[in-house]
Amino acid sequence: MALLNIAVLVSGGGTNLQALIDYEKSHADCPYKIVLVASNTKAAYALERAKGAGIPSFVRSPFSVMGPDAAKAADRDEKREAVSDAMLDLCREYKAQAIVLAGYLSVLKGKIIEEYADRIVNLHPALLPKFGGVGMWGHNVHEAVLAAGEKESGCTVHLVDSGCDTGRILVQKKVPVLAGDTPDSLYARIAPEEHKAMVEGVCMLAEMINR
C-alpha cells in the first residue's frame, strides 16, 4: 500500500505531532508519511519537534501572509481564510494527500475545506458531540466537562467539514472523571489517550483513502 503523504497543522507544544513522528519512525508498516508541518504562530514548540525530525516546517500567520497593516485591519474570518489559503498552497507544493490538525487552534476556511474534503482530521479533547463548537478548545473544554458534572471524558478524532467539530467521528478514547479533578489533572489523564487516538485516526484515514 502506498504511503499517505500528510501535512500536520499545529499551534502549540506538538505532543500529538510527536506521537505521529514516533509512530512513523518506529513502525515499518506505518501507512503515512509526514511531508510538512505548518503553524499559524511562530511560538509553537511543535515547529522545533518538526525540525528535530527533519520535517520541513513553516509559519503561516495572519501577519506573515497578509502583511502587518492588512492583518491589523482584517476581521477574524478574513485572517482565517488568508491563513487557510496559505496552508493550501503549502499542501499543494508538498503534494500532501491529507491534512491532520494536531492542536491547530485556528479554523480552516474556504478552498482548503473543499479541495481536501474527507481528507482532513482533527483531534478534539472531549467526547463529541458533547463539548464541541465555538470556544471549546484546550482547558476551556476540561473546565466545561467538570462544571457539567460529567462522569467521563476523553478525546475524539473526526473528519473536518465546514462546521465546527461536526464531522464524522473516527476514533474516541474515554477516561473517567474523578472526584477532585481539576482541568489540569483531567487533561493529564486524557493526554496519553490523545496520542493513541491521533495515530489510530490517521492510520484509519490512510486506509480509507488508499482503499
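Before reading further, recall that the structure is shown in the block above.
What counts and how
- Residues numbered from 1 in each chain as written.
- Predicted model: local features only at pLDDT ≥ 70, side-chain atom pairs only at ≥ 80, totals over all residues.
- Heavy atoms only, no water.
- Core = buried A, V, L, I, M, F, W, Y, C linked by side-chain atoms within 4.5 Å.
- Buried < 20%, exposed > 50% of the residue type's maximum accessible area, 1.4 Å probe, protein only.
- Helix = DSSP H or I, 4+ residues; strand = E, 2+ residues; numbered from the N terminus.
- Contact = heavy atoms within 4.5 Å.
- Phe/Tyr/Trp six-rings, centres within 6.5 Å; stacked < 30°, edge-to-face > 60°.
- Expected span 1.5 Å × (residues − 1).
- Bend = angle between axes of the 7 residues up to and from the residue.
- Polar contact = N/O pair within 3.5 Å; in protein donor to acceptor, adjacent residues only side chain to side chain.
- Patch = residues over 30% accessible without salt bridge, like charges linked within 9 Å, V, L, I, M, F, W, Y side chains within 5 Å.
- Areas by Shrake-Rupley, 256 points an atom, 1.4 Å probe, with all protein chains shown as cover.
- Salt bridge = Lys/Arg side-chain N within 4 Å of Asp/Glu carboxyl O.
- Lys, Arg positive; Asp, Glu negative; His and termini not counted.
- Charge placed at Lys NZ, Arg CZ, Asp CG, Glu CD.
- Pairing = 2+ DSSP bridges.
- Axes fitted to C-alpha atoms, helices over the stretch in contact; angles between N-to-C directions.
- Disulfide = S-S within 2.5 Å.
- Parallel < 35°, antiparallel > 145°, perpendicular 65-115°, else oblique.
- Left-handed = near helix turned anticlockwise from the far one by under 90°.

## Here's the deal with the nonpolar core
- Ranked by internal contacts, the top residues of the largest apolar core, which has 40 residues, are I6, V8, L20, Y32 and I34.
- Element by element, the count of residues in this core is highest for helix α8 (residues 183-210), at nine residues.
- Setting aside chain neighbours within four positions, we find I6 in contact with Y32, K33, I34, V35, L36, A96, A98, V100 and V202.

## What about the packing of aromatic side chains?
- Counted according to the given criterion, the structure contains two aromatic pairs.
- Centroid distance Y23 to Y32: 6.3 Å. Interplanar angle 20 degrees. Geometry classified as stacked.
- The exposure class assigned to Y32 is buried, which follows from its relative accessible area of 1%.

## A look at the environment of K42
- Tracing the backbone shows K42 in the loop between β2 (32-39) and α2 (46-52).
- What K42 contacts, discounting residues up to four positions off in sequence, is L47 and V59.

## Quick word on α8
- Between the first and last C-alpha of α8 there are 38 Å, a value that for 28 residues agrees with the 40 Å anticipated at 1.5 Å per step.
- In the structure, α8 departs most strongly from a straight axis at I190, where the bend amounts to approximately 30 degrees and where the proline P192 lies between one and four residues downstream.

## Focus on the side chain of S11
- Structurally, the position occupied by S11 is in the loop between β1 (4-10) and α1 (15-26).
- Side-chain polar atoms of S11 contact the backbone nitrogen of L105, separated by 2.8 Å.
- Ignoring anything within four residues of it in the chain, the contact list for S11 reads S39, N40, T41, A44, G103, Y104, L105 and S106.

## Observations concerning a negative patch on the surface
- Negative charge collects at one region of the surface, where D75, D77, E78 and E81 lie side by side.
- In this structure, D75 sits in the loop between α4 (68-73) and α5 (76-93).
- The class for D75 is partly exposed, based on a relative accessible area of 42%.

## With respect to the sheet that holds β1
- Pairing is mixed in the open sheet, where seven strands are placed in the order β3-β2-β1-β4-β5-β6-β7. Edge strands, defined here as strands with exactly one partner in the open sheet, are β3 (57-59) and β7 (169-176). If you compare each strand with its neighbour and ignore which way they point, the axes differ by 20 degrees on average.
- As judged from the three bridges shared by strand β4 (residues 98-101) and strand β5 (residues 120-124), these two strands associate in the parallel manner.

## Topic: the environment of G167
- Looking at the secondary structure, you find G167 in the loop between β6 (152-159) and β7.
- G167 sits 60 residues away from V107 along the chain, and the two C-alpha atoms are 13 Å apart.
- Once you skip the residues sitting within four places of it in the chain, G167 turns out to touch H158, L159 and D161.

## Description of α5
- The end-to-end C-alpha distance of α5, which contains 18 residues, comes to 26 Å, matching closely the 26 Å that a straight helix rising 1.5 Å per residue would cover.
- Of all the positions in α5, only R80, V83, S84, A86, M87, L88, L90 and C91 are classed as buried.
- Close packing links the buried residues of α5 with β1, β2, β3, α3 (62-66), β4 and α6 (111-115).
- Residue D75 occupies the N-cap position of α5, its side-chain oxygen lying 3.2 Å from the main-chain nitrogen of D77.
- Looking one or two residues beyond α5, the residue adopting positive phi is K95, at roughly 55 degrees.

## Focus on the state of the cysteines
- Evaluation of the coordinates by the stated rule reveals zero disulfides.
- We note that C91 lacks a disulfide partner, and the nearest cysteine sulfur, in C30, lies 18 Å from it.
- C155 forms no disulfide, and the closest cysteine sulfur to it belongs to C203, at a distance of 15 Å.
- For C155, a relative accessible area of 0% corresponds to the buried category.

## Some details on the packing of α1 against α8
- The geometry of α1 relative to α8 is characterised by a closest axis approach of 9 Å and an angle of 50 degrees between their N-to-C directions. When the axis of α1 is compared with that of α8, the two are oblique. For the element pair α1 and α8, the recorded crossing hand is right-handed. In this structure, α1 contributes T15, N16, A19, L20 and Y23 to the contact, and α8 contributes Y187, E194, H195, M198, V199, V202 and C203.

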